Amino acid sequence: MADRWHLWHNLSEAAERCVADHRGCLQVLAPDPTQPAPEPEKFEDPSGSPWPRGHRFADRTRVNHSTIHELLAAGLSRRAIGRQLRTTSRTVKRLVDAATPEDLFQGQWQGRPSKLDAFKPYLDDRWNQGCTNAWRVWEEIVPLGYQGSYQRVRAYFREKRLSPGPVTARPPSPRVVAGWILRRPDTLTETEHLRLKAVLVHCPELDALTGHVRSFGQMLTERQGERLPQWLDAVRRDNLPSLHTLAAGIDRDRDAVIPGLTLPWSSGDVEGHATGSRCSNARCSAAPASLS
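Bear in mind that the values here come from a model prediction, so they are computed numbers and not experimental data.

Caption draft 1: Broad picture of the overall build of the protein chain. Helix and strand content of the protein chain: 15 helices and 0 strands. Classification of the 292 residues of the protein chain by burial places 44% in the buried group. Partitioning the contacts of the protein chain with sequence separation of at least 6, the portion at a separation of at least 24 is 75%. Of the roughly 15,800 Å² that the protein chain leaves accessible, carbon and sulfur atoms contribute 51%.

Caption draft 2: A look at helix 1 (residues 4-21). For helix 1, which comprises 18 residues, the first-to-last C-alpha distance of 26 Å matches the rise-based estimate of 26 Å (1.5 Å per residue) to within 8%. Residues of helix 1 that are buried: Arg4, Trp5, Leu7, Trp8, His9, Leu11, Ser12, Ala14, Ala15, Glu16, Cys18 and Val19.

Caption draft 3: Quick peek at the packing of helix 1 against helix 8 (residues 174-182). Axis separation between helix 1 and helix 8 bottoms out at 9 Å; the angle between their running directions is 130 degrees. Taken together, the axes of helix 1 and helix 8 are oblique relative to one another. Every pair of crossing elements has a handedness; the one defined by helix 1 and helix 8 is right-handed. Between helix 1 and helix 8, the residues in contact are Trp8, Ser12, Ala15, Glu16, Val19 and Ala20 and Pro174, Arg175, Val177, Ala178, Ile181 and Leu182, respectively. Counted by class, the contact of helix 1 with helix 8 contains 9 nonpolar, 1 polar and 2 charged residues.

Cut-off values and rules
Residues numbered from 1 in each chain as written. Predicted model: local features only at pLDDT ≥ 70, side-chain atom pairs only at ≥ 80, totals over all residues. Heavy atoms only, no water. Helix = DSSP H or I, 4+ residues; strand = E, 2+ residues; numbered from the N terminus. Buried < 20%, exposed > 50% of the residue type's maximum accessible area, 1.4 Å probe, protein only. Contact = heavy atoms within 4.5 Å. Areas by Shrake-Rupley, 256 points an atom, 1.4 Å probe, with all protein chains shown as cover. Expected span 1.5 Å × (residues − 1). Axes fitted to C-alpha atoms, helices over the stretch in contact; angles between N-to-C directions. Parallel < 35°, antiparallel > 145°, perpendicular 65-115°, else oblique. Left-handed = near helix turned anticlockwise from the far one by under 90°. Nonpolar A, V, L, I, M, F, W, Y, C, P; charged D, E, K, R; others polar.

Structure follows, in structure tokens:
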């Protein structure tokens, strides 16, 4: 009877080889200095304001602020301005006292939840990698589920541009990405989840690999050895040579592997102690919790 520890260990090694075969897909998380993508001029804001145009609250506040200050400069009193604009004296006072419209956004707009909040770890990551082009990063996060405007991304990057940080990050290694794939999804940090999703969106082969790994993990931890033939057929349909090699070996030992994936007994504890010195990296420790 095959032991589950070795089955997962072998799958981990095969998964890392698959990711290494597609290492070019990992460059999606790094800037390409040979092909700069300038931001479209139509989105440029000549005022230099960090707050995006096109937001209803921001644009309305700008218009009201400009109108009130023009009337004030024309000699109208605050009370007369309130009557003419049909607004309260408190609103007039706030707009008059604000030197710029942006002063009014503090505490009213900034503190509200934004569609961009969940993607800020990914934006921070891309910025640290050297990609400071808001348009390019906006195009990257839309397939990841972002439904907000480009202007929000541009405003966030403008804030960073005013106080730039060090550019030190590099694209993740195949081993790191393989570790993300092999771990349970609920153990990934928000940034790891977004970075993995970015890779999978741009690489159908690694997306398929992730599905096979997680399917095998479920089969292993839930004792569903009867699913092994279907899993092997699914693997063979995808262009994953390193996983095909593993599948061929498992198929040859099918009579031993199916009981190992089904019965509650396993030699994993004994084998794991005997071979533990040969497997000290994170891939082995990332195996499902119920290996023995």
